[in-house]
Amino acid sequence: MNEDGYFDAQVAANYDRTNAAMFAPEAVTPAVEFLAALAGDGRALELGSGTGRIALPLSRRGVPVHGIELSTAMTALLHAKPGGSAVQVTTGDFANTRVPGTFSVAYLVFNTINNLLAQQEQVTCFRTVAEHLEPGGSFVIEVVVPELRKLPPGERIVPLYANPTEWAFDEYDVATQSLSSNYVEVTESGASYRSIPFRYVWPSELDLMAQLAGMRLRERWADWNREPFTNESTKHVSVWEKLS
């Protein structure tokens, strides 16, 4: 693995295409509206800013956005897009990288909290965010609910998608709360395989991490449109408030 982690130049070059559904207006606009309302007249900090899927439209809304991103390849694509120069990005691990100033809102979207592979790293991330937030500021996480109910007894694999040239699956280890997302693609020149490790995390576990960092849960929804979070929700959008 190189200095860009699992999101090197090859992955970055195809990132927007392979995640096209997440770049559609129906996926982006509600998230931007949600975050802009929390930012108000303040600044926003995006942890794992990637190619700018959220940072760029949020910046165009007039919210100053600062990103933290490990992959220089992803950041280069962000800065090459229209309006990219308005988004300052610091290269580093978002769990512990500190940037100047304070922020009204910090956010981690599209399951990015799971890129931190140990519970202690996730705890550290909450504490780092708390150091960046103004009193009363908000920390927002969008993340899936672990799909363990899809696992029959003794099984570890959850299929994601399959077509004649591509297929993908998640592999869970419930003993360590780790999983890997695995991708196979067949082209005219051959086949490729890519595996990315994650650590899944439960909503209640995140609430405890927030408490340890001096924050409390203010709201939790099933999506950016503020649909109620229920037993059947496949993901959640949670907002924690810094107490002081």
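Everything below is about the structure shown above.
Residues numbered from 1 in each chain as written. Predicted model: local features only at pLDDT ≥ 70, side-chain atom pairs only at ≥ 80, totals over all residues. Heavy atoms only, no water.

Engineer: Would you take a moment to explain the overall build of the chain for this structure?
Structural biologist: Along the chain, the regular secondary structure elements total seven helices and 11 strands. The C-alpha radius of gyration computed for the chain amounts to 18 Å, which stays within 12% of the reference 18 Å derived for 244 residues, consistent with globular compactness. Projected onto its principal axes, the C-alpha positions of the chain cover 50 × 40 × 30 Å. Each of the 244 residues in the chain was classed as buried or not, and the buried ones make up 49%. For the chain, long-range pairs separated by at least 24 residues make up 58% of all intrachain contacts whose partners lie at least 6 apart in sequence. For the chain, the accessible area works out to roughly 11,900 Å², and carbon and sulfur atoms hold 54% of it. Once the 19 positive and 29 negative side-chain charges of the chain are each reduced to a mean point, those two points are 6 Å apart. (Helix = DSSP H or I, 4+ residues; strand = E, 2+ residues; numbered from the N terminus. Rg over C-alpha atoms; globule rule 2.2 N^0.38 Å. Buried < 20%, exposed > 50% of the residue type's maximum accessible area, 1.4 Å probe, protein only. Contact = heavy atoms within 4.5 Å. Areas by Shrake-Rupley, 256 points an atom, 1.4 Å probe, with all protein chains shown as cover. Lys, Arg positive; Asp, Glu negative; His and termini not counted. Charge placed at Lys NZ, Arg CZ, Asp CG, Glu CD.)

Engineer: For this particular structure, what's the right way to read the packing of helix 1 (residues 9-18) against helix 5 (residues 72-80)?
Structural biologist: With their axes 8 Å apart at the nearest point, helix 1 and helix 5 run at an angle of 40° to one another. With respect to helix 5, the axis of helix 1 lies oblique. The chirality of how helix 1 crosses helix 5 is right-handed. Listed contacts from helix 5 to Ala9, Ala12, Ala13 and Tyr15 of helix 1 are Ala73, Met74 and Leu77. Residues that form the contact of helix 1 with helix 5 fall into these classes: seven nonpolar, no polar and no charged. (Axes fitted to C-alpha atoms, helices over the stretch in contact; angles between N-to-C directions. Parallel < 35°, antiparallel > 145°, perpendicular 65-115°, else oblique. Left-handed = near helix turned anticlockwise from the far one by under 90°. Nonpolar A, V, L, I, M, F, W, Y, C, P; charged D, E, K, R; others polar.)

Engineer: In this structure, what is going on with the sheet that holds strand 8 (residues 178-187)? I would like to understand it.
Structural biologist: Strands belonging to one sheet form pairs held by backbone hydrogen bonds; the direction of such a pair is parallel or antiparallel. Ordered by their spatial adjacency, four strands build an open sheet running 6-7-8-9, and the pairing between neighbours is antiparallel. Only two strands of the sheet have a single neighbouring strand rather than two, namely strand 6 (157-162) and strand 9 (190-199). Here the average twist between neighbouring strands, direction ignored, is 15°. Relative to strand 7 (residues 166-173), strand 6 runs antiparallel, the two sharing five bridges. Each bridged residue has a counterpart across the sheet, and for Tyr161 the counterpart in strand 7 is Ala168. (Pairing = 2+ DSSP bridges.)

Engineer: Mind showing me how you'd approach the pattern of salt bridges here?
Structural biologist: A side chain of one charge can pair with a side chain of the opposite charge when the charged atoms of the two come close. Under the definition given, this model contains 14 salt bridges. Arg156 serves as the salt-bridge partner of Asp173, at 3.8 Å between the closest nitrogen and oxygen. With a gap of 17 residues between them, Asp173 in strand 7 and Arg156 in the loop between strand 5 (133-144) and strand 6 connect regions that are remote in the sequence. You can call Asp173 partly exposed: its relative accessible area is 23%. For Arg199, the salt bridge is made with Glu205, and the minimal N-O distance between the two is 2.9 Å. Assigned by exposure class, Arg199 and Glu205 land together as buried. (Salt bridge = Lys/Arg side-chain N within 4 Å of Asp/Glu carboxyl O.)

Engineer: What should I look at first to understand unusual backbone geometry in this one?
Structural biologist: In this structure, Asn111 takes a positive phi of about 70° despite not being glycine. Residue placement: Asn111 occurs in the loop between strand 4 (103-108) and helix 6 (119-132). We note that Arg226 has phi near 65°; this positive angle belongs to a residue other than glycine. Within the fold, Arg226 resides in the loop between strand 10 (215-221) and strand 11 (235-242).

Engineer: Just checking my understanding: could you explain the side chain of Ser59 for this structure?
Structural biologist: Counting through the fold element by element, Ser59 comes out in helix 4 (residues 55-60). Looking at Ser59, the relative accessible area reads 17%, which means it is buried. Residues within four places of Ser59 in sequence aside, it is in contact with Val65, Ala86 and Val87.

Engineer: In this structure, what is going on with the sheet that holds strand 2 (residues 65-69)? I would like to understand it.
Structural biologist: The mixed open sheet is built from seven strands, whose spatial order is 3-2-1-4-5-11-10. Unpaired on one side and paired on the other, strand 3 (88-91) and strand 10 mark the two borders of the sheet. The mean angle between the axes of side-by-side strands here comes to 20°, regardless of whether they run parallel or antiparallel. Examined bridge by bridge, strand 1 (residues 44-47) and strand 4 share three bridges and lie parallel to one another. Bridging from a neighbouring strand, Glu46 pairs with Tyr107 of strand 4. The strands touched by helix 6 within the sheet are strand 1, strand 4, strand 5, strand 10 and strand 11, with strand 5 carrying the most contacts at an inclination of about 145°.

Engineer: What should I look at first to understand the packing of aromatic side chains in this one?
Structural biologist: The way to describe two aromatic rings as a pair is by their centre distance and the angle between their planes. Under the defined criterion, the tally for this structure stands at eight aromatic pairs. Pairing Phe7 with Tyr15 gives two aromatic rings, centres 6.4 Å apart and planes at 75°, and the pair type is edge-to-face. In this structure Tyr15 comes out as buried when scored by relative accessible area, which is 16%. When the ring of Tyr200 is compared with that of Trp202, the centres are 5.9 Å apart and the planes differ by 90°; the resulting orientation is edge-to-face. For Tyr200, a relative accessible area of 3% corresponds to the buried category. Every member of this aromatic cluster is reached through a ring pair, and the members are Phe7, Tyr15 and Phe23. (Phe/Tyr/Trp six-rings, centres within 6.5 Å; stacked < 30°, edge-to-face > 60°.)

Everything listed here is a matter of coordinates, which is why it stays silent on function.
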